[in-house]
2 protein chains.
Amino acid sequence: MSNTDGHKAKKARTEDKYELLYWQGIPGRGEPIRLAFEEAGVSYEDSGNFTKLLTRNATKAGAAKLLNATHFAPPILRHGDVEISQLPNIMFYLGSKLKLAPEDEQGKFSVNQYFLTLADLQDETHDTHHPIAVMKYYEDQKDAALLRAEDFRENRVPLYLDHFEAVLKHNKASEHKWLVGEDLTYADLMLFHVVDGLKFAFPRFMEATLAKYENISSLYERVKERPHIAEYLASKRRHKFSNGLYRHYEELDAPDAEEKEEK
Amino acid sequence: MSNTDGHKAKKARTEDKYELLYWQGIPGRGEPIRLAFEEAGVSYEDSGNFTKLLTRNATKAGAAKLLNATHFAPPILRHGDVEISQLPNIMFYLGSKLKLAPEDEQGKFSVNQYFLTLADLQDETHDTHHPIAVMKYYEDQKDAALLRAEDFRENRVPLYLDHFEAVLKHNKASEHKWLVGEDLTYADLMLFHVVDGLKFAFPRFMEATLAKYENISSLYERVKERPHIAEYLASKRRHKFSNGLYRHYEELDAPDAEEKEEK
């Protein structure tokens, strides 16, 4: 159903509550959505009540089978009559509702583009600790994880960060503060989030790496200090990184200075 | 710049040519875009002229460094004043321009949702032959590839196909023919494309597997026989699968019946 026309629809939309259905207790793929709500100062329900939507059937060894006729996996967003899943899809939808994206075509699709690229980096971060099979333990794929993490640190992260540093350097409209246009968008929130996750997962590597990216580093601090974001990060609503998408395994991080010397 | 208002802008848009910038000679991530243009019967330029946009700097061993202030990687779409990259982003944009998606909010975002899930499956297909490092040879990561391909066949593909079979079964509006609403959308084109690529990469596995998915199998045949698509597939414009995203390595496919017996 289209909600895009007329005063009445607009009013109804403002009154419709936002409902996020996602695993509770972890940031995961729910976190960019939470950051968007928090930055916009919009109230939302954050619940794990998606079990009714997803029939979990773990008959196959090692595989949790999500079988549903509408959604492949959470996060799921409900808003009025609309119910959608897939993180970049939810963000595109919220970008216009929460005014966290420009309205013009080029701006709107540029924000979606950068968000998708950051989501790719996020997925690659996950695959450093699960390069073989998402449903198997890390310990059972550790050899491959060591190789993948090394390539990730040496080749993939620099490729992505070079790109986003260049985008910020190029964007004179915001004096290099934000990725697109003059104001903060949900792509900036995602850049903050991915850097935050990488700092948790690869602390030694990221400390050395971020020093090379002036614009990304200052965007990270700038988002962190936004009043609504700062209040959220200090609140109980914020879940700490633990053993979800972003994980810290000592051996996947860059070797420390001493180890490097010995090499 | 916004092109959304007024007759003049609309007319200009219709006259603007579509330009796809992508690697030539392979289907890759350009193919869903080509299929959309072909199905819509819209003329488009298909060129590899993106080298000026991407500064290729291969100083790091084994890594091609794409450094650009606007795009991370092709495919790139140019249309009038708009220039965007990221496959799902381009498809969302084209979905409304080429009338390959519903106009209502739920429909439009459901199509994007299913496309994104299929793009995830496509990315996972790529990772079966490159589970460790995208820039290294397959031969140098074959051990991990064998493990990842096995998990992909046994767990991941069934998870995705179960989902899409359920979506088709659920969609009474199209009599189970298409994923969303009454008509073909670009998500249906993508389902065709991913199945087509999987059939190339894992022929034995897919022959046995597709037999279990009645609605997906008939959607695949239905898309293949669309007049514009059939004409395209028989034309020189269609690039064959070879050593791109979808690759056939005998050893990554399911063991054949005899081998299975011996096991």
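In this text the structure is predicted, and so the values were computed from the model without any measurement. (Residues numbered from 1 in each chain as written. Chains lettered and ligands numbered in written order. Predicted model: local features only at pLDDT ≥ 70, side-chain atom pairs only at ≥ 80, totals over all residues. Heavy atoms only, no water.)

(A) A look at the overall build of chain A. On a plain count of helices and strands, chain A comes out with 10 helices and 6 strands. For chain A, the residues scored as buried account for 57% of the 263 residues in total. Counted over contacts in chain A with a minimum sequence separation of 6, partners at least 24 positions apart contribute 67%. For chain A, the computed accessible surface area is about 12,000 Å², with 49% contributed by carbon and sulfur atoms. (Helix = DSSP H or I, 4+ residues; strand = E, 2+ residues; numbered from the N terminus. Buried < 20%, exposed > 50% of the residue type's maximum accessible area, 1.4 Å probe, protein only. Contact = heavy atoms within 4.5 Å. Areas by Shrake-Rupley, 256 points an atom, 1.4 Å probe, with all protein chains shown as cover.)

(B) Molecular detail of the interface of chain A and chain B. At the junction of the two partners, chain A supplies 58 residues and chain B supplies 58 residues. Of the roughly 5,000 Å² buried between chain A and chain B, counting both surfaces, carbon and sulfur atoms make up 54%. If you sort the residues of chain A by the area they bury against chain B, Phe72, Glu105 and Ile132 of chain A come out on top, with a joint share of 15%. On the surface where chain A and chain B come into contact, there are 4 salt bridges. Here Glu105 of chain B makes a salt bridge to Lys97 of chain A, at a shortest N to O gap of 2.6 Å. (Buried area = accessible area lost by both parts, 1.4 Å probe. Salt bridge = Lys/Arg side-chain N within 4 Å of Asp/Glu carboxyl O.)

(C) The arrangement of helix α4 (residues 105-129) of chain A in detail. Helix length check: α4 of chain A (25 residues) gives 37 Å between terminal C-alpha atoms against 36 Å at 1.5 Å per residue, within 8%. For α4 of chain A, the buried fraction is high: 22 of the 25 residues fall into the buried class. (Expected span 1.5 Å × (residues − 1).)

(D) Quick peek at the relation of the copies chain A and chain B. Once chain A is rotated about the relating axis by 180° and shifted along it by 0.0 Å, it coincides with chain B to within an RMSD of 0.0 Å. Taken together, these values place the two copies in the relation of a two-fold axis. Mapped onto chain B, 100% of the interface residues of chain A are again interface residues, and the two copies thus contact each other with one and the same surface. (Least-squares fit on C-alpha atoms with pLDDT ≥ 70 in both.)

(E) Geometry of the confidence of the model for chain A. Residues and elements named next belong to chain A. Across chain A, the average pLDDT comes to 89, with 86% of residues at 70 or higher. Counting interchain partners and residues more than four positions distant, the pLDDT-below-50 stretch residues 1-13 has 13 contacts. Every residue in residues 56-65 scores below 50 in pLDDT, and together they form 19 contacts with partners more than four places removed in sequence or on other chains. (pLDDT = per-residue confidence, 0-100.)

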